[in-house]
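Here's the letter readout for the chains.
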Amino acid sequence: MNIHDLTINKLINGGYGLGRLDDGRAAMVRLALPGETVDVRIERQTKSLVEGVAVRVHAPHPRRIEPPCPYYGDCGGCDLQHGDYPCQLELKKAIISDLLQRHPEPAVRRATAILAEPLPSPLAFGYRQRIRLQIDAHGRTGFRRFHRHEIVAVAGCQIARDDINQTLATLRPHPAYASLLQQTTELEIMADPDGGGTVCVFILKRRPRPRDFNQATALCRESEIMNRIFFAGRDFPLTPAAGRDPQIGRSLSVTYPAEPGRPALTLGWEAGGFCQINLAQNRRLIATVVDLAAPGPEESVLDLFCGMGNFSIPLATGCRRLLGIEGQGSAIRSARANARCAGIDNAEFRQAPIHDACTQLTAQGQPFDCVIIDPPRQGAPGLARQLAALTGRRLVYISCDPATLCRDLGDLIAAGFTVRRLQPVDMFPQTHHIETVVLLEKN
Ligand SMILES: C[S@@+](CC[C@H](N)C(=O)[O-])C[C@H]1O[C@@H](n2cnc3c(N)ncnc32)[C@H](O)[C@@H]1O
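Because the structure is a prediction, the values reported are computed rather than measured.

Novice: Which parts of the structure should I look at to understand the UniProt feature "binding site: S-adenosyl-L-methionine" (unreviewed entry) in the protein?
Specialist: In the numbering used here, UniProt assigns the feature "binding site: S-adenosyl-L-methionine" (unreviewed entry) to Gln 276, Phe 305, Glu 326 and Asp 374. Assignment of secondary structure puts Gln 276 in the loop between strand 15 (265–270) and helix 6 (279–293). You can call Gln 276 buried: its relative accessible area is 7%. In this structure, Gln 276 is in contact with Gln 129, Asn 282, Leu 285, Asn 310, Asp 374, Met 427 and Glu 435, ignoring residues within four places of it in sequence. Looking at where Asp 374 falls in the secondary structure, it is placed in the loop between strand 19 (368–373) and helix 10 (384–390). On the basis of relative accessible area, Asp 374 is assigned to the buried category, the value being 13%.

Novice: What is the right way to look at the UniProt feature "active site" (unreviewed entry) in the protein in this model?
Specialist: UniProt's entry tags Cys 400 with the feature "active site" (unreviewed entry), counted in the numbering of this structure. Topologically, Cys 400 is positioned in the loop between strand 20 (391–399) and helix 11 (402–414). The buried category is assigned to Cys 400, whose relative accessible area is 14%. Apart from residues no more than four positions distant in its own chain, Cys 400 is found in contact with Pro 375, Pro 376, Arg 377, Ile 434 and Glu 435.

Novice: How should the nonpolar core be read in this particular structure?
Specialist: In a soluble, globular protein the nonpolar side chains are often hidden away together inside. One finds Phe 202, Leu 219, Ile 229, Phe 231, Ile 372 and Val 396 to be the most contacted residues of the largest nonpolar core, which totals 79 residues. The greatest single-element share of this core, amounting to 7 residues, is contributed by helix 6. Here this core spans two domains, and each of domain 2 (130–244) and domain 3 (277–442) adds at least three residues to it. With sequence-adjacent residues up to four places away left out, Val 396 is seen in contact with Val 289, Leu 292, Ala 293, Val 371, Ile 372, Ile 373, Val 437, Val 438 and Leu 439. Grouped together as the second largest cluster of nonpolar side chains are 44 residues, Leu 80, Leu 361, Ile 373 and Leu 440 included.

Novice: Teacher, can you tell me more about the packing of aromatic side chains here?
Specialist: The relative placement of two aromatic rings is captured by the distance of their centres and the angle of their planes. One pass over the full model with this rule turns up 4 aromatic pairs. Here the aromatic rings of Tyr 16 and Phe 146 are separated by 6.4 Å at their centres, their planes lie at 75°, and the arrangement is edge-to-face. Of this pair, Tyr 16 sits in strand 3 (residues 16–20) while Phe 146 sits in the loop between strand 8 (141–144) and strand 9 (151–153), and the two are 130 residues apart along the sequence. Under the relative-accessibility criterion, Tyr 16 is labelled buried at 11%. We classify Phe 146 as partly exposed; its relative accessible area is 24%. With centroids separated by 5.3 Å and ring planes inclined at 70°, the aromatic side chains of Phe 213 and Phe 231 adopt a geometry described as edge-to-face. A residue pair is termed long-range when its members are at least 10 positions apart, and Phe 213 in helix 5 (residues 210–222) and Phe 231 in strand 12 (residues 226–233) qualify at 18 residues. Take Phe 213: its relative accessible area is 25%, and that puts it in the partly exposed class. A relative accessible area of 0% places Phe 231 in the buried class. Three or more aromatic residues joined by ring pairs make a cluster, and in this case those are Tyr 177, Phe 202, Phe 213 and Phe 231.

Novice: Can you help me understand the packing of helix 1 (residues 85–101) against helix 11 in this one?
Specialist: For any two helices packed against each other, the geometry is given by the interaxial angle and the distance between the axes. One way to put it is that helix 1 packs onto helix 11 with a least axis distance of 10 Å and a crossing angle of 35°. Where helix 1 crosses over helix 11, the handedness of that crossing is right-handed. Seen from helix 1, the contacting residues are Ile 96, Leu 99 and Leu 100; seen from helix 11, they are Pro 402, Ala 403, Cys 406 and Leu 409.

Novice: It is not clear to me how the sheet that holds strand 13 (residues 236–243) should be interpreted in this structure. Could you clarify?
Specialist: Backbone-to-backbone hydrogen bonds pair the strands of a sheet. The strands run either parallel or antiparallel. Strand order across the open sheet formed by 7 strands is 9-8-7-10-11-12-13, with mixed pairing between neighbours. Two strands bound the open sheet, and with one partner strand each, they are strand 9 and strand 13. Ignoring which end each strand starts from, the neighbouring axes of this sheet average 35° apart. For strand 7 (residues 130–135) and strand 10 (residues 184–192), the ladder comprises 5 bridges, and the chain directions are antiparallel. By the bridge assignment for strand 10, Arg 130 is matched with Met 190. This element, helix 5, spans strand 11 (197–204), strand 12 and strand 13 of the sheet and lies at about 155° to strand 12.

Reading the values: rules and limits
- Residues numbered from 1 in each chain as written.
- Predicted model: local features only at pLDDT ≥ 70, side-chain atom pairs only at ≥ 80, totals over all residues.
- Heavy atoms only, no water.
- UniProt positions renumbered as here; feature names shortened; annotations may be inferred.
- Helix = DSSP H or I, 4+ residues; strand = E, 2+ residues; numbered from the N terminus.
- Buried < 20%, exposed > 50% of the residue type's maximum accessible area, 1.4 Å probe, protein only.
- Contact = heavy atoms within 4.5 Å.
- Core = buried A, V, L, I, M, F, W, Y, C linked by side-chain atoms within 4.5 Å.
- Domains from an automatic or database assignment.
- Phe/Tyr/Trp six-rings, centres within 6.5 Å; stacked < 30°, edge-to-face > 60°.
- Axes fitted to C-alpha atoms, helices over the stretch in contact; angles between N-to-C directions.
- Left-handed = near helix turned anticlockwise from the far one by under 90°.
- Pairing = 2+ DSSP bridges.

Here's what the structure looks like:
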């Protein structure tokens, strides 16, 4: 069933256009823009809510464009490609602003006044450092449809870096590739900027057999751009399968050249481990975090959810002492290696669940001048009081979900913080996702 002539009032978190039906129900509509009048194909509905997708636009937004990707609308990925890039930035700011304004805590609502313009990404397409393709029962590779298990087969991805698309193009005609895909559920292709090529991880249905290793070796020999192949699976760890170099190292790395006021920076991480997806924009994200944290040479810094030391390494060069905490063992190994490579000897990295580590540090009663927190999408529920106890002066919160950020800001304000700066950083062009860096100070 379709809805006709629905007016979209605004875009909300998740990238949905919000409208209201004559019967009073709210309608959340994908692929629409504010102010548009659209026909909607209903995908789900309840007594109070209808969800669907815009199938026809009668009165287009002035910044609506023809999406360049042939899979747009089918693939569940880029849900803002129908707006030009400046329009996407405006919409992302409006989404954060709307969430702040609807918060029950007046101090969160007041923070809307200091919400800065989002920092645009240097690249609006071709920026993703890695993609994860799903493999269907016929050995086709693709991305999932929106909220569906079904796969949309793709030959490439316009938001991925060129070297990733080139890798995919060289793999596709190869019989060894088709054969490996029969045993594969997911394929991750990632760029290794310093290594000058790409790395593939085949997630296998079962433990690898000698024939799989032979096929991986054949693929590496044929492809000029792919440096290394790994196998991984549910019941076995990341396993080197083939590589140009007989010593198949696990690390990938990026080097950012020196800029005025910022020394050169090399960051490495292990294949399959976390790194920010948009490496060019990551340089700006790091600069934003360092500028807001502004650690003095006599200050101590606590970096929670530190990963491979993305913020810890540049922060440690400007402070007396840094402690980084992170749950993933491979990330901690990389953080220690990154510190060694940068000649840093004032940073310590501990592998621990964040809540446990915060409880322990709070009990020790030694606050840090500055605390950095970069949690996953779920945010940091239940940590506000501990963060208040652990923070001497400044807290820098890096968030990839404005809804959980606003919830946590309410708790942090109640725990004794004031919001001083709110800087969105666009790490994910063409999608509704937005990173926000927030500076809070202890009252
Ligand atoms: C958004 S990433 C940020 C990593 C790093 N700050 C960066 O910029 O690359 C979140 C990190 O938190 C880690 N993590 C998630 N939940 C955790 C938990 N409960 N305890 C410890 N670490 C956790 C993940 O392994 C991941 O490295």
